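A look at the structure
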Amino acid sequence: MTRPKAGGAPKVTKPGGDSTLATSIARDQALQCSDVVEAIFDEMEVWPDSERYPACARCARVCRSFYRPATRVLWSSLSDEGMFPLWSIFTQRKRTSRSLPLDGHCFDSIVTEKAYLQRDLWERFLYYGSLVRELVWHSGLLSPGESTACRMLVDHNDDRTFLPNLRALTWFHSRDVEHNEAIIMLIPPNLDVLNIWMNVCYANTTDLVNATESALHPVADRCPSLRYLNLRIQYISAEHLLPVLCRFKNVHDLRVNHMEWAARGYFRSADTCQLLASLPCLHRLDISVAEFNRTPPVPITHPQLRFLRCSGASADLATFAALLRVPRLTVFWAYCTNQEATRLSDFQLLVRSALSPSFSGSLSRFYAEQEYLYDRITTEDTSSYETASFMDILSPMPSLAHMVDFSIGIASQRFMLSLTDNDLLALGRAMPRLRTFRLMPLSAQSPRVPSPRGLMQFAVDCPDLEVLGLGALRGAPIEMPSRVPSTEHPLVELILKEATTPVKEPKKLATYLHTLFPALNDFVPPSLPVNAIAGWSATKRIHTSLTRGKK
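What counts, and at which threshold
- Residues numbered from 1 in each chain as written.
- Predicted model: local features only at pLDDT ≥ 70, side-chain atom pairs only at ≥ 80, totals over all residues.
- Heavy atoms only, no water.
- Helix = DSSP H or I, 4+ residues; strand = E, 2+ residues; numbered from the N terminus.
- Buried < 20%, exposed > 50% of the residue type's maximum accessible area, 1.4 Å probe, protein only.
- Areas by Shrake-Rupley, 256 points an atom, 1.4 Å probe, with all protein chains shown as cover.
- Contact = heavy atoms within 4.5 Å.
- Phe/Tyr/Trp six-rings, centres within 6.5 Å; stacked < 30°, edge-to-face > 60°.
- Lys NZ or Arg CZ within 6 Å of the ring centre and 35° of its normal.
- Axes fitted to C-alpha atoms, helices over the stretch in contact; angles between N-to-C directions.
- Parallel < 35°, antiparallel > 145°, perpendicular 65-115°, else oblique.
- Left-handed = near helix turned anticlockwise from the far one by under 90°.
- Nonpolar A, V, L, I, M, F, W, Y, C, P; charged D, E, K, R; others polar.
- Pairing = 2+ DSSP bridges.
- Salt bridge = Lys/Arg side-chain N within 4 Å of Asp/Glu carboxyl O.
- pLDDT = per-residue confidence, 0-100.
- Expected span 1.5 Å × (residues − 1).
- Core = buried A, V, L, I, M, F, W, Y, C linked by side-chain atoms within 4.5 Å.

**Considerations on the overall build of the chain**
The secondary structure content of the chain amounts to 19 helices and 18 strands. By residue count, 50% of the 551 residues in the chain fall in the buried class. Accessible surface computed for the chain: about 26600 Å², of which carbon and sulfur atoms make up 53%.

Right under this line is the structure:
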């Protein structure tokens, strides 16, 4: 018999003790690898600010191996309080509330006392400044002395920015010249993303043009490699804005957002031709167009454009699409601003032009949307409306075979469209790669509306379809499918605005949909107004049946 050693009882191993110890050792070894630690903190960059800031601040105090990656993530974005975290290095002051603005005394240590001359504070300031990659700058909300502090610190740094690694800047422009000049001094040459908001009212157009040029010209000179430019501006014509935009030769993504009611901000045919010719590297363009139907037809070409989103009246959009020659375009988004007055001829020209082989040989996503989905009431007189079938517009074309997303959400007060089960059969076979398909202009007043039996075509011919919107559906009768796909269909959202007849058997419809689409979750449209489904009184009941059927 083995006796215990003198001085104590035999050691007893707890259940699972060895596995717990092995796990702890493996964890410690993993955290000693800098690449693993960096990867963990990289995941924290996408967290909300309210969670990311306190978590990184706590991690930075744990150990030296956590300090650098934690501070890198903590200081990477200055969006909540602007430059205050950097100013606090010199001021040695903390605000009791983030909602309180800085007062002028906070900058006395910089402007008057010149605390930046202390070597330890200056090196700490440059180190944290080098970690900043994103900045939100409100020129109109700057505290007194902040622009002066910026100027003095840049001068002390030999006229170089103390944010050398800044990559993304969101700039809320103001009328204060000193504040605007201060942010321009902070912009490094390797800036990638610039968002400028110029929603300030000026006394006249000349002042606005001068303010725009004073903001964009220095940026074009300082940042030759700028790739993304998002400009939101109002009350300035495209004619005055065009020379400034053409200076960004290397921009890949250009978005010019005017207020919809400022018609003078729209790009005309000659403006668009000059803009595309001056930006050879452009991959994405977001502009508003106008008066294309009033000028002689001139083809508009660009060999590198991949994504195009344009807004304007339906007639201008149709003519614009007919003139475009963009062989590499994959996404075309037409946003109609006069949807209620859209004519059938303009709508037909828009869709056919975008789907023609001369428009683009690579188009895979097509969207024709509007500001809001016009909902016809049942008592509305539609006798004067033009009528047409979707198949008269979507005649089978070779480009449909590459379509992944196809969405039409234009409902006019001048025409109505119809769709049958046979049309769904033809569309499903013409677009086998579909993931999203919406035809929302269908309504109860449409001459022909598909039945639930037509959904079978998508279940068989579109095995990758995830979102389906048909606007309206003939509610009865419900016929169970004779055959179903061998694999589970991935459809998760079915958008139905209304039914032409009451659904008397919602449970039977729920069973029918479960048979075709076992993964179906909800009827709520993801990107349309809430009232888009208000016309179908049985929607809630069917959704309840679907929910119960899954339990």
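**Points about the environment of V136**
Along the chain, V136 falls in strand β2 (residues 134-138). Of the residues examined, V136 reaches a relative accessible area of 18% and is grouped as buried. Sequence separation between V136 and M83 is 53 residues, and the spatial gap between their C-alpha atoms is 8.6 Å. Not counting chain neighbours up to four residues away, the residues in contact with V136 comprise L78, S79, G82, T170 and F172.

**Notes on the packing of aromatic side chains**
Inspection of the entire model under this criterion finds 15 aromatic pairs. Between W87 and F162 the ring centres are 6.2 Å apart and the planes differ by 65°, which places this aromatic pair in the edge-to-face class. Of this pair, W87 sits in helix α5 (residues 84-91) while F162 sits in the loop between α8 (146-156) and β3 (168-172), and the two are 75 residues apart along the sequence. A single burial state applies to W87 and to F162, both of which are buried. Here a set of aromatic residues connected by ring pairs shows up, and it is made of W87, F90, Y116, W122, F125 and F162. Sitting above the plane of the F307 ring, R284 keeps its charged end 3.8 Å from the centroid.

**Quick look at the packing of helix α3 (residues 49-60) against helix α4 (residues 64-74)**
Two quantities define a packed helix pair, namely the angle between the axes and the distance from one axis to the other. Axis separation between α3 and α4 bottoms out at 8 Å; the angle between their running directions is 160°. Taken together, the axes of α3 and α4 lie roughly antiparallel to each other. Crossing of α3 against α4: the hand is left-handed. Facing R52, Y53, C56, A57, C59 and A60 of α3, the residues of α4 in contact are F66, Y67, A70, T71, V73 and L74. Here the contact of α3 with α4 is built from residues that sort into 10 nonpolar, one polar and one charged.

**Some details on the pairing of strand β16 (residues 436-439)**
On a regular strand, each side chain points to the face opposite its neighbour's, so the side chains alternate between the two faces of the sheet. Of the two faces of β16, the one carrying T436 and R438 and the one carrying F437 and L439 are both buried. Judged from the four bridges that link them, strand β14 (residues 405-408) and β16 form a sheet pairing that is parallel. Residue pairing for β16: S407 is matched across the bridge by R438. In terms of strand pairing, β16 meets strand β17 (residues 467-473) through three bridges, oriented parallel. Following the sheet pairing, F437 is matched in β17 by L468.

**Let's talk about the pattern of salt bridges**
Side chains that differ in sign of charge can pair as their charged atoms come close. Evaluation of the coordinates by the stated rule reveals 10 salt bridges. Between E466 and R435 there is a salt bridge, with its nearest N and O atoms 3.5 Å apart. With E466 in the loop between α17 (455-461) and β17 and R435 in the loop between α16 (421-430) and β16, this pair connects stretches of sequence that are 31 residues apart.

**Some details on the confidence of the model for the chain**
Per-residue pLDDT for the chain averages 76, and the proportion of residues at 70 or more is 74%. Across residues 95-101, confidence stays below pLDDT 50; counting only partners more than four residues off in sequence or on other chains, it has eight contacts. Contacts of residues 522-551 to residues separated by more than four positions or lying in other chains number 58 contacts, the stretch itself having pLDDT below 50.

**Comments concerning α3**
Along its 12 residues, α3 runs 16 Å from first to last C-alpha, staying within 8% of the 16 Å computed at 1.5 Å per residue. Looking only at α3, the buried set comprises R52, Y53, A55, C56, A57 and A60. The inward-facing, buried residues of α3 contact α4 and β1 (77-78).

**Re the nonpolar core**
Residues F332, F406 and F437 are the most contacted members of the largest nonpolar core, which totals 135 residues. Non-local contacts of F406, meaning those with residues more than four positions away in its chain, are made with L355, F366, L394, M431, L434, T436, F437, R438 and L439. With nine residues, the next largest nonpolar core counts V37, C56, A60 and F66 among its residues.

**Describing unusual backbone geometry**
Despite not being glycine, K114 has its phi angle at roughly 55°, a positive value. Within the secondary structure layout, K114 lies in the loop between α6 (108-111) and α7 (119-131).

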